[in-house]
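# Structural overview for review
What follows is the residue order along each chain.
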Amino acid sequence: IYFRDFILWNKLSSNLIDYISLEELSNLFDAESLKKFNFQSTKFQVQSILISEEINNLNKLLIENNFKGIFLKGAALSLFEYDDISLRPMLDIDILLEEKDIINFYKILIKRGYFHAGNISHNQDSLKEYLKFSHQLPGIFSKKNISIELHHRITLTNFSEECPLKDTILKNFRSKKFRDHNLKIPNENDLLLTQLINLTKYPEFKLGALTFFDYSVLNKNYNFDYI
């Protein structure tokens, strides 16, 4: 039961099914556990397709408005590092923008029908004040209820006065072909560092296992020189 819940909590059902055949799983788990694994795996397959479509829409908007937006974490990993998009669930869409552009892009999304939960002011001063205490603007949602988070830094504001990763990611990004355009993502070193920093944001390393899967895939792809 603990192992089953650990897999579900860390969003690893697709990986489990990929590594162990369904026939073998049926000998190890009860029917209820197998049902939950299959449900989560199928859910994330559908969700990944919807999110990849939304990434394409957002990328077009960034290009049309001449904003430099770097797609972080799940988007960069799932689309370009894993062998199969279904093996790395995308839970939301994270985009790093230059601070001078982040509020303007946020307003463009609101005008286009994106929305946020809660009573948050859209005016310029309120959003600027919000950025003083947060590494991102308030989360917004697409019409298909996909969560989108616009970042102006990678680390939390209480980590350091200046984010040690922001400038290098914005400067040394990679462009990879995605649908009809190029998608900007962190280079392999910044992608690894971003995931390690992301690991420490969660209380008690809540999504630690998923991050370690990311690490193993990145290390297989790039064979990092840790020295």
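Above: the structure in question.
Since the model is a prediction, treat every value here as computed from it, not as a measurement. (Residues numbered from 1 in each chain as written. Predicted model: local features only at pLDDT ≥ 70, side-chain atom pairs only at ≥ 80, totals over all residues. Heavy atoms only, no water.)

## Focus: helix α6 (residues 99–111)
Stated formally: Exposure categories follow from relative accessible area, calculated using a 1.4 Å probe and restricted to protein chains: below 20% of the type maximum is buried, above 50% is exposed, and the middle band is partly exposed. Here a strand is any run of E in DSSP of at least two residues, a helix any run of H or I of at least four, and the numbering for each starts at the N terminus. In this description, contact between two residues means that some pair of their heavy atoms is separated by no more than 4.5 Å.
Looking only at α6, the buried set comprises Asp101, Ile102, Ile103, Phe105, Tyr106, Ile108, Leu109 and Ile110. If you follow the buried residues of α6, they end up packed against α4 (31–64), β2 (93–97), α7 (124–133), β3 (140–141) and β4 (147–151). The positive-phi residue at the C-terminal boundary of α6 is Gly113, with phi of around 105°.

## A look at the nonpolar core
Soluble, globular proteins show a tendency: their nonpolar side chains are buried together. Our working rule: Nonpolar cores were defined as sets of buried Ala, Val, Leu, Ile, Met, Phe, Trp, Tyr and Cys residues, with membership established by side-chain atoms within 4.5 Å.
Core analysis: the largest hydrophobic core is formed by 41 residues, its most contacted members being Ile55, Leu58, Phe71, Ile93, Phe105 and Leu150. Each residue touching Ile93, except ones within four places of it in the same chain, is listed here: Ile51, Glu54, Ile55, Leu58, Phe71, Ile146, Ser147, Ile148 and Glu149. Listed in part, the 10 residues of the second largest apolar core include Leu12, Leu16, Phe29 and Phe37.

## With respect to the packing of helix α1 (residues 2–9) against α4
Our working rule: Every axis in this analysis is a line fitted to C-alpha atoms, fitted for helices over the stretch in contact. Angles between the N-to-C directions lie between 0 and 180 degrees. Reported orientations rely on four angle classes, namely roughly parallel under 35 degrees, roughly antiparallel over 145, roughly perpendicular from 65 to 115, and oblique for the rest. Polar here means any residue other than Ala, Val, Leu, Ile, Met, Phe, Trp, Tyr, Cys and Pro, which are nonpolar, and Asp, Glu, Lys and Arg, which are charged; Gly is therefore polar.
At a minimum axis distance of 11 Å, the contact between α1 and α4 shows a crossing angle of 10°. What the angle tells us is that α1 and α4 run roughly parallel. Contacts between α1 and α4 pair Arg4, Ile7 and Leu8 from the former with Ser33, Lys36, Phe37 and Gln40 from the latter. Of the residues belonging to the contact of α1 with α4, the class tally is 3 nonpolar, 2 polar and 2 charged.

## A short note on the environment of Gln47
Relative to the helices and strands, Gln47 is located in helix α4. With sequence-adjacent residues up to four places away left out, Gln47 is seen in contact with Met90 and Leu91.

## Topic: the pairing of β2
In summary, the side chains of a regular strand alternate between the two faces of the sheet. The line we're drawing: Each pair of strands is called paired provided DSSP finds at least two bridges between the two strands.
Counting buried positions along β2 yields 5 of 5 residues, so the element is predominantly enclosed. Burial along β2 is two-sided: the residues Ile93, Ile95 and Leu97 and Asp94 and Leu96 are all buried. Both strand β1 (residues 69–71) and β2 contribute to a ladder of 3 bridges, which runs antiparallel. Pairing of Ile70 across the sheet is with Leu96, part of β2.

## What about the sheet that holds β2?
Taken in spatial order, the 4 strands make up an open sheet running β1-β2-β4-β3, and their pairing is mixed. At either margin of the open sheet sits one strand with a lone partner, and together these are β1 and β3. In the sheet, β3 pairs with β4 via 2 bridges, with the strands oriented antiparallel. Note that in β4 the partner of Ile140 across the bridge is Ile148. Where α4 meets the sheet, it contacts β1, β2 and β4, and its direction lies at approximately 20° from that of β2.

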